[in-house]
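Architecture at a glance
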Amino acid sequence: MDIDRADGRTANQLRPLACSRNVLNRAHGSASWSQGETKVIAAVYGPKAGTNKNENPEKACFEVIWKPKTGQIGKAEKEYEMILKRTVQSICLSNVNPNTTTSIIIQVVHDDGALLPCAINAACTALVDAGIPLKHLAVAICCCVSQNGHVILDPNKLEEQTLKAFAYLVFPNSIISLPSEASSKLRGEPLEQGIITSVTQGVMPVEDYFHCLDRGRAATSKLSDFLRKNLHLQTPNNPSKAG
Amino acid sequence: MEQRLASTWRMSVNETKFIENSLLSDLRVDGRRPFDYRRLTIKFGRDDGSSEVQLGNTHVMAFVTSQLVQPYRDRPNEGTLSFYTEFSPMADPSFEAGRPGELAVELGRIIDRGLRESKAVDTESLCVISGKLVWSVRIDVHILDNGGNLVDAANIAALAALSTFRRPECTLGGEDGQELIIHPPEVREPIPLIIHHLPVAVTFGFIGKENIVVIDPTHYEETVMGGRMTVTLNTNGDVCAIQKAGGDGVLPSVIMQCLRIASVKAGDMSSKIKNAVESFNTERALRKIKRHNSSAPVDVSEPAQKGGTEFSDTHMCRLNLMSEESRVIQSNGMEVDGKLLQQEETIMRDSDAKSFIGGPSSWDPHSKGVNSDALRASPASQVVEAPTKKLEDPKVDQPSDMELTQPVSDNTLPNEVANTGLQTSEEKTLEDAIKPKHKRKKKKKKASSQQ
């Protein structure tokens, strides 16, 4: 049952996580997130006045700009932008600042697998750093399915390319809740069991997909703890970052 | 939409007056004197050809990549150098995504002129097959944070990235000798670019009616200043480019004075860049040594030099001495290229990295208590040159701790041991070496804090 991974991890082990907030001076909120060798910097500006013509002016709008490491912006980058935008829209309180636009800019520093989850985590941290009102945080993880049906977490680039299929999953932050659980139930299911986003690539049987979901959800508690600890530790920043 | 959304931040009159008045007494807002540069930090990423530069609050990253293309028809035996600047909206709320604005284009042109016209990078060495295939080097500069003086920071980032970039080695081979073989980095060590000199850009700002000159303006000073001038020069005293596009008029004597100051500053910058590149190369050489564990079987058949046949089954306890020997061997080896190539081929067929029995008994420079500085100082500079090709490193053994039968892949090692100066693995067994992440994370953090 043991998978032999190239860097010696077991199937359930994540790569070392590193996160820092407030890495840029001009941006209203910024964060850099790295999982193993994959590193992404996210910056947030906003809320700015006005929305796009197509967007609903009664809600806050988000725009995402994805900057790859080298090369032109192509379809893949546009897809990432769209996924990130929808993910962020679902975690933000869009009624608080209507008719505004918040920009999230993602810069890929190094891609060694699980790029989109890393970017989503970075974006979430940057949003917190900027003080954008959120319902809850989102943690993203990548699960891979190998040839014999084993589920592996947090693959690096080589594993992503060689294994059968992978899924990027985004879950809400696990809640440290008080005994009363009534408030956190949504239609009979606890809220923290929901999935915000799921992007798959490759072919996998349905059971394997459900295994991925379970493993991913289990891993989110680790990620949530890391995120929470990181967000607590930062000292209060300079009051004004405008301009 | 962009006009509405773009930041309408304007400097207040108070701030403008304050900057101008304090300059009359030779004081700048951040406490510098008029001809002081801000603190410069140059960092490199793991790959070759990626650099990150911080000049005060300005944050810039550069990546260099290369690919084979057809040359221009009027220059059939020269490679090409192309420069792409991205003013990311991350850097400044007024930067917009999409087409580069005029500032971005101007910045790109200044740096491009400094590098290309002055022939800083040798393009003829980038030619592979004249008239058919040449290397095209592409430099992408990403501006992450606009704290002022983007030109200088971007220039330094580009120079640093070019200095550490390595392109794959390619040879003509195949059946008819016409086929081009590009060797992956594991097989043949990639080659650095030939850089003749470092053209460093120095930017001056002219503030106020009296045209007070400041060097390295911050973005507040940039909003206030009436004119700017960028001078690109190298340490040989050559002026590579001067750019003064409009703005307030200044006396020629002021310009000459600026040039003189700039040549001093350029010298400083060049030496900083060179030091940073050297330490990166040293670290890279040390890392390379670990990496080539996987190709150590390659040298098994280099007979007389190492008694290599025993290699696959035992660890050899060798001293530092072996490293020097191996260096010598490699330089000999270089002359016998064809033969080595054959050897490689045969060996690669027989073994593959993962099942390499020798395992992670990397030649750890620290395991025998070797002084890392001594190591870096003398051998490393030589190591960088030739031998990293197939630096089959005699395994300085961690005594008796190695379990031969455990094929641990290489990749743990560079991470584990590349943190030079952190010698913690003396007492530990192989099991500890493969215990992953939380340990590595701490080590990485320590390494970064040590840097």
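A brief structural summary. Everything numeric in this text was worked out from a predicted model, so none of it was measured.

Rules of the game
- Residues numbered from 1 in each chain as written.
- Chains lettered and ligands numbered in written order.
- Predicted model: local features only at pLDDT ≥ 70, side-chain atom pairs only at ≥ 80, totals over all residues.
- Heavy atoms only, no water.
- Helix = DSSP H or I, 4+ residues; strand = E, 2+ residues; numbered from the N terminus.
- Buried < 20%, exposed > 50% of the residue type's maximum accessible area, 1.4 Å probe, protein only.
- Contact = heavy atoms within 4.5 Å.
- Areas by Shrake-Rupley, 256 points an atom, 1.4 Å probe, with all protein chains shown as cover.
- Pairing = 2+ DSSP bridges.
- Buried area = accessible area lost by both parts, 1.4 Å probe.
- Salt bridge = Lys/Arg side-chain N within 4 Å of Asp/Glu carboxyl O.
- Axes fitted to C-alpha atoms, helices over the stretch in contact; angles between N-to-C directions.
- Polar contact = N/O pair within 3.5 Å; in protein donor to acceptor, adjacent residues only side chain to side chain.
- Phe/Tyr/Trp six-rings, centres within 6.5 Å; stacked < 30°, edge-to-face > 60°.
- Lys NZ or Arg CZ within 6 Å of the ring centre and 35° of its normal.

Some thoughts on the overall build of chain A
- Check the secondary structure of chain A and you find four helices and eleven strands.
- Here chain A, with 243 residues, has 53% of them falling under the buried criterion.
- Taking contacts inside chain A between residues at least 6 apart in sequence as the whole, the part at least 24 apart equals 73%.
- For chain A, the accessible surface area stands at approximately 11,000 Å², while carbon and sulfur atoms represent 53% of it.

Remarks on the overall build of chain B
- In terms of regular secondary structure, chain B is built from 13 helices and 14 strands.
- Counting every position in chain B, which comprises 451 residues, the buried fraction comes to 51%.
- Pairs at least 24 apart in sequence give 76% of the contacts found in chain B among residues at least 6 apart.
- Here chain B has roughly 20,900 Å² of accessible surface; of this, 52% comes from carbon and sulfur atoms.

Observations regarding the pairing of strand β8 (residues 165–172) of chain A
All names here are of chain A.
- Judged by how many residues are buried, β8 sits mostly within the fold: eight of eight residues are covered.
- Side chains A165, A167, L169 and F171 of β8 all project onto a buried face; the interleaved residues F166, Y168, V170 and P172 project onto the opposite face, where all are buried too.
- Sheet topology note: the strand β6 (residues 138–145)/β8 ladder contains eight bridges and is antiparallel. Residue pairing in the sheet places C143 in a bridge with A167 of β8.

Examining the interface of chain A and chain B
- Facing 41 residues of chain A, the contacting portion of chain B comprises 37 residues.
- Between chain A and chain B lies a buried interface of about 3,300 Å² when both sides are counted; carbon and sulfur atoms form 57% of it.
- Taken as a group, P16, R26 and K67 of chain A account for 18% of the area that chain A buries against chain B, more than any other trio of residues on that side.
- Between chain A and chain B we count three salt bridges in total.
- Close ionic contact of D92 of chain B with R26 of chain A constitutes a salt bridge, the shortest N to O distance being 3.1 Å.

Observations regarding the environment of F63 of chain B
- Here F63 of chain B lies in strand β3 (residues 58–69).
- Separated by 13 residues in the primary sequence, F63 of chain B and S50 of chain B place their C-alpha atoms 4.4 Å from one another.
- Setting aside residues up to four positions removed in sequence, F63 of chain B forms contacts with K69, T70, V108 and V109 of chain A together with G49, S50, R138, I139, D140 and H142 of chain B.

Considering unusual backbone geometry
- The omega torsion of the bond from G46 of chain A to P47 of chain A falls at -10°, within 30 degrees of zero and hence cis.
- Among the secondary structure elements, P47 of chain A is positioned in strand β3 (residues 38–49).
- Positive phi is not limited to glycine here, since D26 of chain B has a value of about 60°.
- The phi angle at K119 of chain B is positive, at roughly 55°, despite the residue not being glycine.
- Within the secondary structure, K119 of chain B sits in the loop between α3 (102–116) and β5 (127–129).

Points about the sheet that holds strand β7 (residues 151–153) of chain A
Residues and elements named next belong to chain A.
- If you trace the four strands from one edge of the open sheet to the other, you get β7-β6-β8-β11, paired in antiparallel fashion. Edge positions in the sheet fall to β7 and β11 (197–202), since each of these pairs with one other strand and no more. For this sheet the average axis-to-axis angle between neighbouring strands, irrespective of direction, equals 20°.
- Contacting β6 and β8, helix α2 (residues 115–130) runs over the sheet at an angle of about 170° to β6.

Topic: the side chain of S103 of chain A
All names here are of chain A.
- Looking at the secondary structure, you find S103 in strand β5 (residues 100–110).
- A polar contact is formed between the side chain of S103 and the side chain of K48, at a distance of 3.0 Å.
- The residues contacting S103, other than those within four sequence positions of it, are A43, V44, Y45, K48 and E63.

Quick look at the packing of aromatic side chains
- Applying the stated rule across the entire model yields six aromatic pairs over all chains.
- With a centroid separation of 5.1 Å and an interplanar angle of 50°, the aromatic rings of F166 of chain A and Y168 of chain A are classed as tilted.
- By relative accessible area, which is 8% here, Y168 of chain A ends up buried.
- Measuring from ring centre to ring centre gives 4.7 Å for F87 of chain B and F95 of chain B, while their planes differ by 40°; the resulting arrangement is tilted. Summarising the burial analysis for this pair, F87 of chain B and F95 of chain B share the class buried.
- The lysine or arginine in question, R138 of chain B, covers the ring of Y84 of chain B, its NZ or CZ lying 3.8 Å from the ring centre.

Section: the environment of V170 of chain A
All names here are of chain A.
- Mapped onto the fold, V170 is located in strand β8.
- Classification of V170 as buried rests on a relative accessible area of 2%.
- When the C-alpha positions of V170 and V139 are compared, they lie 5.6 Å apart, and in sequence the two are 31 residues distant.
- Those residues in contact with V170 that sit more than four places away from it in its chain are T87, I120, A138, V139, A140, I195, I196 and T197.

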